[in-house]
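Reading the structure
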Amino acid sequence: VNEEYTKQLHGVVNKLYDSLSLGLGLKAGELREALGGDELVYLMKINYYPPCPRPDLALGVVAHTDMSSLTILVPNDVQGLQACRDGQWYDVKYIPNALVIHIGDQMEVRTYVRARARVLFEFSERRFF
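In short, a report on the structure. Predicted, not measured: the structure shown is a model, and the values here were computed from it. (Residues numbered from 1 in each chain as written. Predicted model: local features only at pLDDT ≥ 70, side-chain atom pairs only at ≥ 80, totals over all residues. Heavy atoms only, no water.)

**Section: the overall build of the protein**
For the protein, the helix and strand inventory stands at three helices and eight strands. Along the chain direction, N to C, the helices and strands of the protein fall in the order α-α-β-β-β-β-β-β-α-β-β. In the protein, once contacts between residues fewer than 6 apart in sequence are set aside, the share between residues at least 24 apart is 73%. Accessible area for the protein stands at about 9200 Å²; split by element, carbon and sulfur atoms hold 55% of it. (Helix = DSSP H or I, 4+ residues; strand = E, 2+ residues; numbered from the N terminus. Contact = heavy atoms within 4.5 Å. Areas by Shrake-Rupley, 256 points an atom, 1.4 Å probe, with all protein chains shown as cover.)

Structure, rendered in structure tokens:
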């Protein structure tokens, strides 16, 4: 199962890099090559946030940037993820069967696009990212 998931995820990542490259006026795959090409490192991490009966006492995940080039999140329907643009925080809307793509620090260095995110603990259900 993990091998098939990894294979499919690599396809998604390659399509994202191609689209981002073209959107920046580069050749397809140019960003992927600039970020390491076939030597790219993929990391899978599962975050579990249990129900929080006292969100006023929880820290959540403070505002941060991701050190990777791309972070791909598989969210669920429990709200809490926010993204920042121009100093304003916005809830990331849950869309069934959709992925959330976050631009990380390595991409910012190459494209000058800055992205920050945070996770709020204002929920009473468990959640995975």
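**Here's the deal with the nonpolar core**
The nonpolar side chains of soluble globular proteins are, as a tendency, buried together. Judged by nonpolar contacts, Val13, Leu16, Tyr17, Leu31, Leu35, Leu40, Leu70, Ile103 and Met107 together constitute the single largest core of nine residues. The leading source of residues in this core is helix H1 (residues 2–23), at three residues. (Core = buried A, V, L, I, M, F, W, Y, C linked by side-chain atoms within 4.5 Å. Buried < 20%, exposed > 50% of the residue type's maximum accessible area, 1.4 Å probe, protein only.)

**Some points on the pattern of salt bridges**
Evaluated as defined, the whole model comprises three salt bridges. When the shortest N-O distance is used, the salt bridge between Glu33 and Arg32 registers 3.6 Å. The closest approach of N and O atoms between Asp86 and Arg85, which form a salt bridge, is 3.9 Å. Accessibility assignment for this pair places Asp86 and Arg85 in one class, exposed. Here the residues in one salt-bridge network are Arg32, Glu33 and Asp38, joined through shared partners. (Salt bridge = Lys/Arg side-chain N within 4 Å of Asp/Glu carboxyl O.)

**Quick notes on unusual backbone geometry**
The phi torsion at Asp86 lies on the positive side, around 50°, for a residue other than glycine. Relative to the helices and strands, Asp86 is located in the loop between strand E4 (81–85) and strand E5 (88–91).

**Here's the deal with a nonpolar patch on the surface**
Among the surface-exposed residues, Tyr5, Met44, Ile46, Val74, Leu99 and Ile101 lie close enough to one another that they form a single nonpolar patch of about 570 Å² accessible area. Structurally, Leu99 is set in the loop between E5 and strand E6 (100–103). (Patch = residues over 30% accessible without salt bridge, like charges linked within 9 Å, V, L, I, M, F, W, Y side chains within 5 Å.)

**Brief notes about the side chain of Ser69**
Here Ser69 lies in the loop between strand E2 (61–64) and strand E3 (70–73). Judged by relative accessible area, Ser69 falls into the buried class, the value being 10%. A distance of 2.4 Å separates a polar atom in the side chain of Ser69 from a polar atom in the side chain of Tyr17. Those residues within four positions of Ser69 in sequence are excluded, and the remaining contacts are Tyr17, Leu35, His102, Ile103, Gly104, Gln106 and Met107. (Polar contact = N/O pair within 3.5 Å; in protein donor to acceptor, adjacent residues only side chain to side chain.)

**Let's talk about H1**
Given a rise of 1.5 Å per residue, 22 residues ought to cover 32 Å, and the 31 Å separating the end C-alpha atoms of H1 matches this to within 8%. Turning to H1, its buried residues are Val13, Leu16, Tyr17 and Ser21. When H1 is viewed along its axis, its buried side chains cluster within an angular range of 125° and face the same direction. Turned more than 90 degrees from where H1 packs its buried face, Lys7, Lys15, Ser19, Leu22 and Gly23 sit exposed. Among the residues trailing H1, Gly25 stands out with phi positive, at a value near 80°. (Expected span 1.5 Å × (residues − 1). Arc of directions from axis to C-beta.)

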